[in-house]
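# Close look at the chain arrangement
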Amino acid sequence: MNISLENIDKVSAVLTIKMEKADYADKVEKSLKDYRKKASIPGFRPGLAPLSLLKKRFGKEITAEEVNKLLGEKLYAYIKENNLNVLGEPLPNETRQQDIDFGTMDSFEFVFDLALAPEFDVTVNGDDTVDYYNITVDDKMVDDQVKMYTQRAGGYDKVDSYEEKDMLKGLLAELDETGNTKEGGIQVENAVLLPEYFKNDEQKTIFNGCKVNDVLVFNPSKAYEGRDVEISALLKISKSEVPSMTADFSFQVQEITRFKAAEINQELFDQVFGKGVVSTEEEFRSKIASVLSEQFTADSDYKFILDLKTYLMAKVGKLDYSEAILKRYMRLTNKDKDEKFVEDNFEKSLEELTWHLIKEKLAKMFDVKVEQEDLKEMAKNITKIQFAQYGMINVPEQLLENYANEMLQKKGQVDSLIYRCVDEKIAKAVKSVVKLDNKQVSVEDFNKMFA
């Protein structure tokens, strides 16, 4: 077997692999013998069909399979052994690659076009300055979190008279034109009303100050201004019946409940952060601020990576690529798209490719390696943040482990975890050597940067 590389220019090359019968004959022979063991050929006992017959019937397909398998092994082994930084995949040369007939030919020549990564240098040190945005955790943010925790841990108390935001439960009954209960009309037991959510203010006021056992008359169609979702849910009817349902209803109040937020005490502290972690309201608020700050650090690092990308891509400048080969590869990997898609997105893909190559150099410069434990820790951190968004801070370690292990079973999520781990490690390494232009911003102003 002969493999040769011809450099067309600095970013493209042609790789030729010449294969003789001696290179693959033994593999084809072995494959035929293995096939004979399991082949069922009419007129022959299992495993005893003549090799000559099998070769005549299946030799072309088996030869093609073994040659292509060997071709792939040698192709990628050569690329690896010669440290060729190939972009995309090797593509068959459109002019020099001859047609292959595995039924009549004994020797084969395969010609591939290679798009090679451009050579360039990138360094970061104390002479480089990059913006770093620290998100301010203010009192209002802490107040909002405290309120959320007290609301989440709160409950409902039964009361005697209705106030705004209270919940009513009672018997709902359809009335006739004379104001009496309609015979055969709609009745709903344990119907739940939240007058605060009525669309009509006049209908809301009907319930002001009402007490248990009071009977009030209101009109659901007017109260919700004909909205089919709310009315059908309240009256237990289909949405198609709503337009014709314009009658008044009586509502006998059987129960009034009022939401009461939890008190800010040790029970709340333990529920949010775990038993004994904090013991005073001051410590509680401080811990909340710390958790928020930790969450924002991930956001700040993400913005730092984006700013680092802009800074280093400007520093590196425009790189040369084998655009013809890369466009062919882009068409091949987007067969469901038209030519306009390639033309419209090609420059953006080159930008992302440049950043990918810069990150590869940074990873090598700082000896960035991603281990299995890094992936698990990243998965757990992502899970923590997701739970924290719903106010759940004190998540059991075993639950985090379970979620992390589940993420590590899915290839798409593992690829995403690797990507995030690399970014995190690069951000940490670069921050330690460059000059950071620290900027304090509110979360509102920070979010505007992504609008």
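These notes cover the structure that comes with them. In every chain, residue numbers begin from 1 and rise along the written sequence. A pLDDT threshold of at least 70 governs which residues receive local features in this predicted model, and a stricter bar of 80 or more applies before side-chain atom pairs are shown or counted, although totals over entire chains, interfaces and linings include all residues. Hydrogens and water are ignored here; the side-chain numbers use all heavy atoms of the structure.

## Some details on the packing of aromatic side chains
In summary, the pairing rule links any two rings of Phe, Tyr or Trp, Trp by its six-membered ring, whose centres are within 6.5 Å, and it sorts them by plane angle into stacked for under 30 degrees, edge-to-face for over 60 and tilted for everything else. Throughout the structure, instances matching the rule amount to 16 aromatic pairs. Pairing Tyr156 with Phe259 gives two aromatic rings, centres 5.4 Å apart and planes at 70 degrees, and the pair type is edge-to-face. Taken together, the residues Tyr156 in strand S6 (residues 155–159) and Phe259 in strand S10 (residues 249–260) connect sequence positions 103 residues apart. Since its relative accessible area comes to 51%, Tyr156 is described here as exposed. Ring geometry for Tyr302 against Phe450: centres 6.0 Å apart, planes inclined by 25 degrees, an arrangement best described as stacked. Of this pair, Tyr302 sits in helix H8 (residues 281–316) while Phe450 is found in the segment after helix H14 (443–448), placing the two residues 148 residues apart along the sequence. Site record: aromatic cluster; members linked through ring pairs are Phe198, Phe207, Phe218, Tyr224 and Phe251. Taking the ring centre of Phe341 as reference, the NZ or CZ of Lys337 above it sits at 5.1 Å. Runs of H or I in DSSP of at least four residues are treated as helices and runs of E of at least two as strands, each being numbered from the N terminus. Three labels apply to residues, based on accessible area from a 1.4 Å probe with only protein chains included: buried if under 20% of the type maximum, exposed if over 50%, partly exposed otherwise in between. Counting as a charge over the ring demands two things of the Lys NZ or Arg CZ atom: a distance within 6 Å of the ring centre and an angle within 35 degrees of the ring normal.

## Topic: the packing of helix H9 (residues 323–332) against helix H10 (residues 339–365)
Angles run from 0 to 180 degrees between N-to-C directions of axes, and those axes are lines fitted to C-alpha atoms, restricted for helices to the stretch in contact. Two elements in contact, H9 and H10, have axes whose closest approach is 10 Å; the angle formed by their N-to-C orientations is 115 degrees. Handedness of the H9/H10 crossing: right-handed. Residues Glu323, Leu326, Lys327, Met330 and Arg331 of H9 form the contact with H10, whose participating residues are Glu339, Phe341, Val342, Glu343, Asn345, Phe346, Ser349, Leu350 and Leu353. For the contact of H9 with H10, the residue count by class is seven nonpolar, two polar and five charged. Crossings are assigned a handedness: left-handed for a near helix turned anticlockwise from the far helix by less than a right angle, right-handed for a clockwise turn. Any pair of residues with heavy atoms lying within 4.5 Å of one another is described as a contacting pair. Classification convention: Asp, Glu, Lys, Arg as charged; Ala, Val, Leu, Ile, Met, Phe, Trp, Tyr, Cys, Pro as nonpolar; all other residues, Gly among them, as polar.

## Observations regarding the pattern of salt bridges
We count a salt bridge whenever a side-chain nitrogen from Lys or Arg sits within 4 Å of a carboxyl oxygen from Asp or Glu. Overall, the coordinates contain 35 salt bridges when judged by the stated rule. Here Arg331 and Glu339 are joined by a salt bridge, their closest N and O atoms 2.8 Å apart. Owing to a relative accessible area of 33%, Arg331 belongs among the partly exposed residues under this scheme. The shortest N-O distance in the salt bridge between Glu351 and Lys348 comes to 3.6 Å. In this pair, Glu351 and Lys348 both sit in helix H10, three residues apart, roughly one turn of the helix.

## Considering the nonpolar core
Take the buried residues of types Ala, Val, Leu, Ile, Met, Phe, Trp, Tyr and Cys, join any two whose side-chain atoms come within 4.5 Å, and each joined set is a nonpolar core. Ranked by internal contacts, the top residues of the largest apolar core, which has 34 residues, are Leu87, Phe304, Leu308, Leu312, Tyr321, Leu326 and Ile358. Contributing elements (two or more residues each) for this core: strand S3 (86–92), strand S5 (129–135), H8, H9, H10 and helix H13 (411–431). Here the element with the most residues in this core is H10; it accounts for nine residues. Beyond its immediate chain neighbours, meaning those up to four positions away, Ile358 contacts Phe120, Val122, Leu312, Met313 and Val316. By size, the runner-up hydrophobic cluster in this structure holds 26 residues, among which are Leu168, Phe218, Ala223 and Tyr224.

## Concerning the pairing of S10
Strands are labelled as partners when DSSP assigns at least two bridges between them. Note: S6 against S10, five bridges, orientation antiparallel. Bridge pairing in S10 places Gly155 opposite Lys260. In terms of strand pairing, strand S7 (residues 167–174) meets S10 through eight bridges, oriented antiparallel. The residue of S10 that forms the bridge with Gly170 is Val253. Pairing analysis gives four bridges linking strand S9 (residues 215–218) to S10, with the strands arranged antiparallel. Opposite Phe218, over in S10, you have Phe249 as the bridge partner.

## Focus: H13
In a helix, the anticipated span is given by 1.5 Å times the number of residues less one. An ideal rise of 1.5 Å per residue puts 30 Å on 21 residues; H13 measures up with 30 Å between its terminal C-alpha atoms. Taken together, the buried residues of H13 touch H8, H10, helix H11 (372–388) and helix H12 (397–407).

## Considering the sheet that holds S3
Each strand in a sheet pairs with another by means of backbone hydrogen bonds, the pair being arranged parallel or else antiparallel. Sheet architecture is open: four strands sit in the order S1-S2-S4-S3, paired in antiparallel fashion. Looking at strand neighbours, the two that pair on one side only are strand S1 (2–9) and S3, the edges of this open sheet. When the angles between neighbouring strand axes are averaged without regard to direction, this sheet yields 20 degrees. Note: strand S2 (residues 12–19) against strand S4 (residues 108–116), eight bridges, orientation antiparallel. Residue pairing in the sheet places Ser12 in a bridge with Ala115 of S4.

Read these as spatial facts, not as claims about activity.
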